[in-house]
Amino acid sequence: MFARRSFTFNTAITRQPATSVTNGLRDGSGPDPDAGLFSQQHSNYIAALKKAGAKVDLLPPLDDFPDSVFVEDSALCLKEAAIVLRPGAPSRRGEAAHIRPALEKHFSKVIELPGDGLVDGGDVLLSDKDAFIGLSARTNQAGFDGLAKIVSEFGYTPVRIKTPSNILHFKTECGLLDSQTIFATANLAAVGCFDDYQLIIAPKGEEGAANIVRFNDYLFISKGYPKSEALLKAHGYKLIVIDTNEAAKVDGGLSCMSLRF
Ligand code: CIR
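This one's a predicted model, so the numbers in the text were calculated from it and none came from an experiment.

> So what exactly am I meant to see when it comes to the overall build of the protein here?
Along the protein, the regular secondary structure elements total 6 helices and 15 strands. Here the C-alpha radius of gyration of the protein, 17 Å, is about what a compact globule of 261 residues would show, namely 18 Å. Taking the principal axes of its C-alpha atoms as reference, the protein extends roughly 40 × 40 × 35 Å. Burial statistics for the protein: of 261 residues in total, 58% are counted as buried. Counting contacts in the protein only where the partners sit at least 6 residues apart, residues at least 24 apart contribute 69% of the total.

Right, here's the structure in full:
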């Protein structure tokens, strides 16, 4: 009944990176991204979405929110409704109010995460039937409880996972390849949460490749992971390789730069 709802899309919401993206949150003390280069790479990302069949809604930059280019964390889009989330990092909480009007343009039903729980969209992976919700430094039990109730109403089975503590977001180390297949790091797969799925494990040393995006017939993968590219091509996936080097400097990847529905 819900076949392919997890990767059949026609629209994506994105946000232009602000020049303040240089102050984006990051684990550790790596170099700042270059705002100009980030912007170029973001344009290439948008081009890839369009090639895959997306109508792209590009929102204006928000200088007060350095991480606001990572729109995935402030909302969750289902086919029938959008959910405004409550991001876990205090500096990102205000992004939710800014994403709401964009959601209202596209959805007749926009739901607020109830209570005071916290959820980052980067911790939520939807398959056709399951909503994997990873508890992390950003997503807490109260957030899980609130979101689990909402997604259940739309026919998803909420699955609660404790994301290993060395992973920022659940989806930092996994992504959906198709209705039955997940690409994940060995570290995350060891949690056992994907036992009902076919799994393809990211090659050792290429863990950064795991944050993929499946959009219609195309699979987006970050540049710099040749073994993963070869492996996924051999499985028959049609790849678009995108440079996410600047986003990676502030712990961002492919999935976090769009909301897809
Ligand atoms: C953050 O720490 O919140 C941002 N610098 C990166 C967010 C990446 N989002 C994602 O993986 N969903």
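What follows continues from the structure just given.
> For this particular structure, what's the right way to read the site of the ligand?
Lining the immediate environment of the ligand, one finds 13 residues, of which Asp-67, Asp-73, Arg-92, Arg-138 and Val-250 sit closest. Within the backbone of Leu-25, an N or O atom sits 2.8 Å from a nitrogen atom of the ligand. A distance of 2.7 Å separates a nitrogen atom of the ligand from a polar side-chain atom of Asp-67. Alone, the ligand offers 350 Å² of accessible surface; in the complex the protein occludes 98% of this. When atoms are counted within 2 Å of each cavity's grid points, the one that captures over half of the ligand is the largest pocket.

> Looking at this structure, I do not really get the confidence of the model for the protein. What am I missing?
When pLDDT is low, close inspection of the predicted coordinates is not appropriate. Residues of the protein with pLDDT of at least 70 account for 100%, and the chain-wide mean is 97. For the protein, helix H4 (residues 186–189) is the element with the lowest average pLDDT, namely 97, and strand S1 (residues 11–15) is the one with the highest, namely 99.

> I tried to follow the layout of surface pockets on my own but got confused; where do I start?
Empty space among the atoms becomes visible once a probe the size of a water molecule is rolled across them. Of the pockets and cavities examined, the largest pocket occupies roughly 840 Å³. Lining the largest pocket we find 39 residues, and of these Leu-168, His-169, Thr-172, Asp-251 and Gly-252 sit closest to its centre. Grouping the amino acids of the lining of the largest pocket by side-chain chemistry returns 11 nonpolar, 15 polar and 13 charged. Computed from the structure, the second largest pocket encloses a volume of approximately 470 Å³.

> Explain the sheet that holds strand S14 (residues 238–242) to me, please; I cannot follow it from the model alone.
Strands pair in a sheet through their backbones, by hydrogen bonds, and they do so in one of two ways: parallel or antiparallel. The sheet built from 3 strands is open, its strands ordered S12-S13-S14 with mixed pairing. Taken across any chain shown, the strands that pair with only one partner, and hence form the sheet edges, are strand S12 (213–215) and S14. With direction set aside, neighbouring strand axes in the sheet form an average angle of 30°. Note: S12 against strand S13 (residues 218–222), 3 bridges, orientation antiparallel. Bridge assignment links Arg-214 to a residue of S13, and that residue is Leu-219.

> Explain the nonpolar core here, please?
Within soluble globular proteins, side chains that are nonpolar generally end up buried alongside one another. Counting residues in hydrophobic clusters, the biggest one holds 36 residues, and the most contacted among them are Phe-170, Phe-194, Phe-215 and Phe-220. At the level of secondary structure, the elements contributing two or more residues to this core comprise helix H1 (35–51), strand S9 (174–178), strand S10 (181–184), S12, S13 and S14. By residue number, the principal contributor to this core is H1, which donates 4 residues. Leaving out residues up to four positions away in the same chain, Phe-170 has contacts with Gly-122, Asp-123, Leu-125, Phe-132, Gly-134, Ile-161, Thr-163, Leu-188, Cys-193 and Phe-194.

Calculation rules
Residues numbered from 1 in each chain as written. Predicted model: local features only at pLDDT ≥ 70, side-chain atom pairs only at ≥ 80, totals over all residues. Heavy atoms only, no water. Helix = DSSP H or I, 4+ residues; strand = E, 2+ residues; numbered from the N terminus. Rg over C-alpha atoms; globule rule 2.2 N^0.38 Å. Buried < 20%, exposed > 50% of the residue type's maximum accessible area, 1.4 Å probe, protein only. Contact = heavy atoms within 4.5 Å. Near = heavy atom within 4 Å. Polar contact = N/O pair within 3.5 Å; in protein donor to acceptor, adjacent residues only side chain to side chain. Areas by Shrake-Rupley, 256 points an atom, 1.4 Å probe, with all protein chains shown as cover. 1 Å grid on protein atoms, 1.4 Å probe; cavity = no way out; pocket = protein on both sides within 12 Å on 5 of 7 lines; lining within 4 Å. Sits in = over half its atoms within 2 Å of the grid points. pLDDT = per-residue confidence, 0-100. Points joined across faces, edges and corners; volume = space filled by probe spheres on them. Nonpolar A, V, L, I, M, F, W, Y, C, P; charged D, E, K, R; others polar. Pairing = 2+ DSSP bridges. Axes fitted to C-alpha atoms, helices over the stretch in contact; angles between N-to-C directions. Core = buried A, V, L, I, M, F, W, Y, C linked by side-chain atoms within 4.5 Å.

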